[in-house]
Amino acid sequence: MDLTPYVDNLRQELAVAADAGGDDARALAERLTAPLESAARLTLLNALSAAMGEVTRELAPGSVDVRLRGLDPEFVVTAPPAPEPVREAREPAPEPVTATPPPPPGDADDGAMARINFRLPAHLKARAEAVAAAEGLSVNAWLVRAVSTALDGGQRASPQGRGKDTGGRSFTGWVR
């Protein structure tokens, strides 16, 4: 993007404003335009960077970066990944959700918590919300449990009572 027309327009506007002040003001404006050119370019670059920061926040996980080549900025657009195609009805239904064991007692809850920003594609977020709701958990609790299970080698315990007559009642979940 060539900033020269914008800087030239600013110089012209300054000259028009100085004409209203007489010969002394016009002479002062002519002396100030050369040193102000670099400040004007820097101000335009700052405005473009701030604008692209706002665009990037709206495009997440895509982004727009401003790169400076010589005196002129260039924009580099990184598009968000394409969404996964919609599954056809012929595909088998997902396996029923089973309860996973709680983390081992040593890792359970030492009181220290850490906060992270976690970005998911919309289709994964919807699936995580549905599974968490089916298990009666918040998405956060479900994600904590999923991460814990993944870090423990993906071991899942089978719920007790499976295969036995439970009198028509079933219970899922875990207790401390």
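Below is a short write-up of the structure.

With 37 residues, helix 2 (residues 23-59) should cover 54 Å at 1.5 Å per step; its first-to-last C-alpha distance of 51 Å lies within 8% of that length. Largest kink in helix 2: about 45 degrees, centred on Pro35. Within the sequence span of helix 2, burial applies to Ala29, Thr33, Ala40, Arg41, Leu45, Leu48 and Met52. Taken together, the buried residues of helix 2 touch helix 1 (4-19), strand 1 (63-69) and strand 2 (72-78).

Attention now goes to the pattern of salt bridges. According to the stated counting rule, one finds 8 salt bridges in the structure shown. Residues Glu37 and Arg41 are paired through a salt bridge, measuring 3.6 Å at the closest nitrogen-oxygen approach. Residue Glu37 and its partner Arg41 are both found in helix 2; the two are separated by 4 residues, about one turn of the helix. Across the pair Lys125 and Glu129 runs a salt bridge, and its minimum N-O distance is 2.6 Å. Placement of both Lys125 and Glu129 in helix 3 (residues 122-134) is noted, with a separation of 4 residues, approximately one turn of the helix. Lys125 gets classed as partly exposed once you look at its relative accessible area, which sits at 43%.

This part takes up the pairing of strand 2. In summary, the side chains of a regular strand alternate between the two faces of the sheet. With 7 bridges connecting them, strand 1 and strand 2 associate as antiparallel partners. Its bridge partner lying in strand 2, Ser63 is registered against Thr78. In textbook terms, the turn of a hairpin is the stretch between consecutive antiparallel strands, and for strand 1 and strand 2 this stretch comprises 2 residues, one of which, Gly70, has a positive phi near 70 degrees.

Considering the arrangement of structural elements, one finds Asp65 in strand 1. Counting along the chain gives 13 residues from Asp65 to Met52, while the straight-line C-alpha distance between them is 6.7 Å. Leave out the neighbours within four places in its chain, and Asp65 touches Glu74, Phe75 and Val76.

Conventions used here
Residues numbered from 1 in each chain as written. Predicted model: local features only at pLDDT ≥ 70, side-chain atom pairs only at ≥ 80, totals over all residues. Heavy atoms only, no water. Helix = DSSP H or I, 4+ residues; strand = E, 2+ residues; numbered from the N terminus. Expected span 1.5 Å × (residues − 1). Bend = angle between axes of the 7 residues up to and from the residue. Buried < 20%, exposed > 50% of the residue type's maximum accessible area, 1.4 Å probe, protein only. Contact = heavy atoms within 4.5 Å. Salt bridge = Lys/Arg side-chain N within 4 Å of Asp/Glu carboxyl O. Pairing = 2+ DSSP bridges.

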